[in-house]
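Given next are the chains, with one letter for each unit.
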Amino acid sequence: MIKVRIPTPLRPMTEGKSEVEIAGNTVSEIIDNLGSAHPGIKERVYDEKGEVRRFINIYVNEEDIRFLTGKDTPLKDGDEVSIIPAIAGGA
Amino acid sequence: MLAIPSSIITNMIAHARELAPHECCGILSGTEHTIADAYRITNILAALSEQDLTRFDGAKLTDLQRLSPEERADIAFQMDAREMAMAQRDIRSKGLDLLGFYHSHTFSPARPSQTDITIAMEFESYRAKLHLPEPFHLIVSLEHSDQPSIRAYRIRESQPTEVPIHTLP
């Protein structure tokens, strides 16, 4: 199982949990399975083309998946996936 | 105390002016209490869908929903995640740390807004797990356009504390 960190804006879909355990061998499988377990979440992570939304970074452990092999990045037991919105703010 | 080379202060103010009335945003690298470099990051707020806007909450979300996409960037910013990741990689390759974030307030003072504080706390909740140092939050205000101001803060437990800026030659 892979520990997945859920950002604050998506926690309403995980019953408020900041971390969930999900099965999967790649980042893509994790997001698919996360979406099955917590409906609505996949659509918030991917855009209409199935790409990670422009304000979201996905990390495996401490590395952004863009610098690994993207959504195909393989995972092993003990890895942690973090879904993290890039910094925002406002006046 | 936060030490910043004068060229970087000039650069941040220029960035704010170039994008006004939209808010600009960027990342600062350095070590400990000294800024080494600034990275301009695109404010993608105008490109966010209605659903994406829900990454904001409370009054800010209501305000954003009332405005046209183009006007939204006047009162808020959202960094482009890819550019942020590229900047972080560059920072790491130079042996520096991600030391802070900056953005502009076009019409209001250089003080963190409630949205700035909420999102700084969101960042704080995962920062340690990504082994990032505590960031400085800098705000460039163009409220008095002939006299732009820039202030730095630490934000802990939703409380901003100003950190004096020491300008390096």
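Residues numbered from 1 in each chain as written. Chains lettered and ligands numbered in written order. Predicted model: local features only at pLDDT ≥ 70, side-chain atom pairs only at ≥ 80, totals over all residues. Heavy atoms only, no water.

**Focus: the overall build of chain B**
Our working rule: Helix and strand assignments come from DSSP, with helices taken as H or I runs of at least 4 residues and strands as E runs of at least 2, each series counted from the N terminus. Computation of the radius of gyration draws on C-alpha atoms, with the globule rule given as 2.2 Å multiplied by the number of residues to the power 0.38. Burial classes follow relative accessibility: with a 1.4 Å probe on protein chains only, a residue under 20% of its type's maximum area counts as buried, one over 50% as exposed, and anything between as partly exposed. All accessibility values rest on the Shrake-Rupley procedure with a 1.4 Å probe; residue burial counts only the protein chains present in the view. In this count, Lys and Arg are taken as positive residues and Asp and Glu as negative ones, while His and the chain termini are left out. Where a charge lies is defined by one atom per residue type: Lys uses NZ, Arg uses CZ, Asp uses CG and Glu uses CD.
Scanning chain B for helices and strands turns up five helices and nine strands. The order of α-helices and β-strands along chain B, N terminus first, is β-α-β-β-α-α-β-α-β-α-β-β-β-β. Its C-alpha atoms give chain B a radius of gyration of 15 Å, within 12% of the compact-globule value 15 Å for 169 residues. With the principal axes as the frame, chain B shows a C-alpha extent of 40 × 40 × 30 Å. Expressed as a percentage of its 169 residues, the buried residues of chain B come to 52%. A total accessible area of about 7,700 Å² is found for chain B, and carbon and sulfur atoms account for 51% of it. The average position of the 16 basic charges and that of the 23 acidic charges among the side chains of chain B differ by 4 Å.

**Here we look at helix H5 (residues 114-127) of chain B**
This is how it is decided: Helix span is expected to be 1.5 Å times the residue number reduced by one.
For H5 of chain B, spanning 14 residues, the distance from its first C-alpha to its last is 20 Å, which sits close to the expected 20 Å at 1.5 Å a residue. Most of H5 of chain B sits inside the fold, with ten of its 14 residues counted as buried.

**Describing the sheet that holds strand S2 (residues 19-22) of chain A**
Put simply, the test is: The rule for pairing is simple: two strands pair if DSSP sees at least two bridges between them. By definition in these notes, contact holds between two residues if any of their heavy atoms fall within 4.5 Å. Axes, fitted as lines to C-alpha atoms, cover a helix only where it is in contact. Angles between the N-to-C directions of the axes lie from 0 to 180 degrees.
Pairing in this open sheet of five strands is mixed, and the strands run S2-S1-S5-S3-S4 (chain A) from one edge to the other. Looking at the sheet topology across the chains shown, the edges are occupied by S2 and strand S4 (63-64) of chain A. With three bridges connecting them, strand S1 (residues 2-5) of chain A and strand S5 (residues 80-85) of chain A associate as parallel partners. Along S5 of chain A, the bridge assignment pairs Arg5 of chain A with Ser82 of chain A. Each of strand S3 (56-60) and S4 of chain A touches helix H4 (residues 81-93) of chain B; the most contacted strand, S3 of chain A, lies at about 45° to it.

**Brief notes about the interface of chain A and chain B**
Going by this rule: As a working definition, buried area equals the accessible area (1.4 Å probe) given up by two parts on being put together, with both sides summed. Salt bridges are defined as contacts in which a side-chain nitrogen from Lys or Arg sits within 4 Å of a carboxyl oxygen from Asp or Glu. Residue classes follow a fixed rule: Ala, Val, Leu, Ile, Met, Phe, Trp, Tyr, Cys and Pro count as nonpolar, while Asp, Glu, Lys and Arg count as charged, and any other residue, Gly among them, counts as polar.
Each side of the interface is counted separately: chain A has 27 residues, and chain B has 40 residues. Of the roughly 2,900 Å² buried between chain A and chain B on both sides combined, carbon and sulfur atoms contribute 57%. Looking only at chain A, the three residues that lose the most surface to chain B are Arg54, Ile87 and Ala91 of chain A, adding up to 25% of its buried area. For the interface between chain A and chain B, the tally reads three salt bridges. Close ionic contact of Arg53 of chain A with Asp52 of chain B constitutes a salt bridge, the shortest N to O distance being 3.0 Å. Those elements that provide at least two residues to the side of chain A that touches chain B are helix H2 (41-45), S3, S4, S5 and strand S6 (88-90) of chain A. Across the side of chain A that touches chain B, the residue classes break down as eleven nonpolar, five polar and eleven charged. Sheet topology places S6 of chain A next to strand S4 (residues 76-78) of chain B; three bridges connect them, and they run antiparallel.

**Observations concerning the packing of aromatic side chains**
All names here are of chain B. Note the following rule: Two rings belonging to Phe, Tyr or Trp (six-membered ring only in the last case) form a pair when the distance between their centres is within 6.5 Å. Interplanar angles under 30 degrees mark stacking, angles over 60 mark edge-to-face geometry, and anything in between is tilted. When the NZ atom of lysine or the CZ atom of arginine is within 6 Å of a ring's centre and also within 35 degrees of its normal, the charge is said to sit over that ring.
Evaluation of the coordinates by the stated rule reveals two aromatic pairs over all chains. Aromatic pair Phe101 and Phe123: ring centres 5.0 Å apart, planes at 85°, arrangement edge-to-face. You can see Phe101 sitting in strand S5 (residues 97-105) and its partner Phe123 sitting in helix H5, a full 22 residues away along the chain. Residue classification places Phe101 among the buried positions, given a relative accessible area of 3%. For Phe123, a relative accessible area of 3% puts it in the buried group. Ring geometry for Phe123 versus Tyr126: centroids 5.5 Å apart, planes at 75°, classification edge-to-face. Residue Phe123 and its partner Tyr126 are both found in helix H5; the two are separated by three residues, about one turn of the helix. Connected via pairs of aromatic rings, a cluster forms that spans Phe101, Phe123 and Tyr126. Note that Arg55 overlies the ring of Phe56, its terminal NZ or CZ placed 5.8 Å from the centroid. The ring of Phe136 has Arg154 lying over it, and the distance from NZ or CZ to the ring centre is 3.7 Å.

**Some remarks on the nonpolar core**
Put simply, the rule reads: Residues belong to one nonpolar core when they are buried, are Ala, Val, Leu, Ile, Met, Phe, Trp, Tyr or Cys, and are joined through side-chain atoms within 4.5 Å.
Residues Val4, Leu34, Ile58 and Ile83 of chain A together with Leu45 and Phe56 of chain B are the most contacted members of the largest nonpolar core, which totals 34 residues. Only S1, S2, helix H1 (27-37), H2, S3 and S5 of chain A together with helix H2 (58-66) of chain B provide two or more residues apiece to this core. The dominant element in this core, judged by the number of residues it contributes, is H1 of chain A, at four residues. Residues within four places of Phe56 of chain B in sequence aside, it is in contact with Ala88 and Gly89 of chain A together with Leu45, Leu48, Leu61, Leu64, Ala76, Phe77, Thr115 and Ile119 of chain B.

**Observations concerning the side chain of Asp52 of chain B**
Its location among the elements puts Asp52 of chain B in the loop between strand S3 (34-41) and H2. Exposure remark for Asp52 of chain B: the relative accessible area of 8% places this residue in the buried category.

**Some details on the pattern of salt bridges**
Two side chains that carry opposite charge are able to pair once their charged atoms sit near each other. Taken as a whole and judged by the stated rule, the model has 21 salt bridges over all chains. As a salt-bridge pair, Arg54 of chain A and Asp80 of chain B come within 3.2 Å of each other at their nearest N and O atoms. Linking Arg54 of chain A in the loop between H2 and S3 with Asp80 of chain B in the loop between S4 and H4, this pair reaches from one chain into another. Residue Lys76 of chain A pairs with Asp79 of chain A through a salt bridge whose shortest N-O separation is 3.3 Å. Look at the salt bridges and you will find they share partners, linking Lys3, Arg5, Glu19 and Glu80 of chain A into a network.

Spatial relationships are all this shows, so hold off on functional conclusions.
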